[in-house]
Amino acid sequence: MKKFIKIYGERNTNSRYLSRLIHLNLEAEELPGTIPKFFADLQYILPGKEWIRNSFFQMTSHRNLGWKHMCPRPADELAEHRLIQKGVAVVTITKNPYAWLLSLHRRPYQQYHTKQLTFEEFLKTPWIPAARENLDRGLSSPVELWNVKNKAYKQLRSIGAMNLTSEGILTSPEQTIDQIAEKFSLSRKSGTFINYQQSTKGDQKDTEFYQDYYLNERWRSELSPAAVRTINHALDKPLLKSFGYALLPES
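Please read these numbers as outputs of a predicted model, since none were measured by experiment.

K.L.:
Please provide a residue-by-residue account of the pairing of strand β1 (residues 4-9), values included.
P.N.:
The two faces of a sheet get side chains in turn, since along a regular strand they alternate between them. Most of β1 is tucked away, with 5 of its 6 residues classed as buried. As defined by bridge partners, β1 adjoins strand β2 (residues 29-30) across 2 bridges and the pair is classed as parallel. Paired with Phe4 across the strands is Glu29, a residue of β2. Between β1 and its parallel partner β2, the chain crosses via helix α1 (residues 15-25), and the hand of that crossover is right-handed. One ladder, built from 5 bridges, connects β1 with strand β3 (residues 89-94); its direction is parallel. In the strand pairing of β3, Ile5 is matched with Ala89.

K.L.:
Give a description of the pattern of salt bridges that names residues and reports values.
P.N.:
Scanning the model with the defined rule gives 12 salt bridges in all. Between Glu10 and Arg11 there is a salt bridge, with its nearest N and O atoms 2.7 Å apart. By relative accessible area, which is 0% here, Arg11 ends up buried. With a shortest N-O distance of 2.7 Å, Arg220 and Glu217 are connected by a salt bridge. The partly exposed category is assigned to Arg220, whose relative accessible area is 39%. Owing to a relative accessible area of 30%, Glu217 belongs among the partly exposed residues under this scheme. The structure contains a network of salt bridges with shared partners spanning Glu10, Arg11, Glu133 and Lys149.

K.L.:
Residues and numbers for the side chain of Glu133, please.
P.N.:
Tracing the sequence through the fold places Glu133 in the loop between α7 (119-122) and α8 (142-155). Since its relative accessible area comes to 0%, Glu133 is described here as buried. Among the polar contacts listed, one links the side chain of Glu133 to the side chain of Gln110, at a separation of 3.3 Å. Leaving out residues up to four positions away in the same chain, Glu133 has contacts with Glu10, Arg11, Trp67, His69, Met70, Cys71, Gln110, Trp127, Leu145 and Lys149.

Calculation rules
Residues numbered from 1 in each chain as written. Predicted model: local features only at pLDDT ≥ 70, side-chain atom pairs only at ≥ 80, totals over all residues. Heavy atoms only, no water. Buried < 20%, exposed > 50% of the residue type's maximum accessible area, 1.4 Å probe, protein only. Helix = DSSP H or I, 4+ residues; strand = E, 2+ residues; numbered from the N terminus. Pairing = 2+ DSSP bridges. Right-handed = clockwise from strand over helix to strand, strands pointing away. Salt bridge = Lys/Arg side-chain N within 4 Å of Asp/Glu carboxyl O. Polar contact = N/O pair within 3.5 Å; in protein donor to acceptor, adjacent residues only side chain to side chain. Contact = heavy atoms within 4.5 Å.

Spelled out as structure tokens, the structure:
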């Protein structure tokens, strides 16, 4: 019987890289987490920028468990979904919040109006979620977005979800695939691990670049003391610690 995987991960957390690794190495199919190219093309032709994507996932969530960047439904509710009951494996990805916030500032997706803000201004700007994000209110800041989404990922452990970190995937992609295969009883496509070296962002950066940038924390040089103070004030400290991260010093 064919095995299926659903990935939930915030924007800029290596979800596309993990998808490539799963496709190359495991006998499993990922449930779609993005819209098909046809609908993406329509978004740039028809009026409005987000309603096509929102409508697509509203109509199809019963067969794909929603947008990969959404806030997952509560575990007890998701446990009743027919796909979970049929054995779909759930994997979540969490990224160091300081590095993730820098990435989100560079690529704010549907929050277009924040592109002209400095990073310090961005950190204090309310986040207006898309309908497909499954958040019933606006959030006070992008930092709160990290708190809310990752708290939702953690509670999915009760239905057997696997919580990965972006840094863990980059540190050892082969071990990550082995862990997923073991936890969900998935077969490997071959005895040889196949990595995906190209950038999933369509630029010239490769896996080696991202490993150096994130694992050696090159991003720290982009943080001002004021930005660190703002982030530290808003972060959910117990949640941060539960994923193996620590607060950065403010000076």
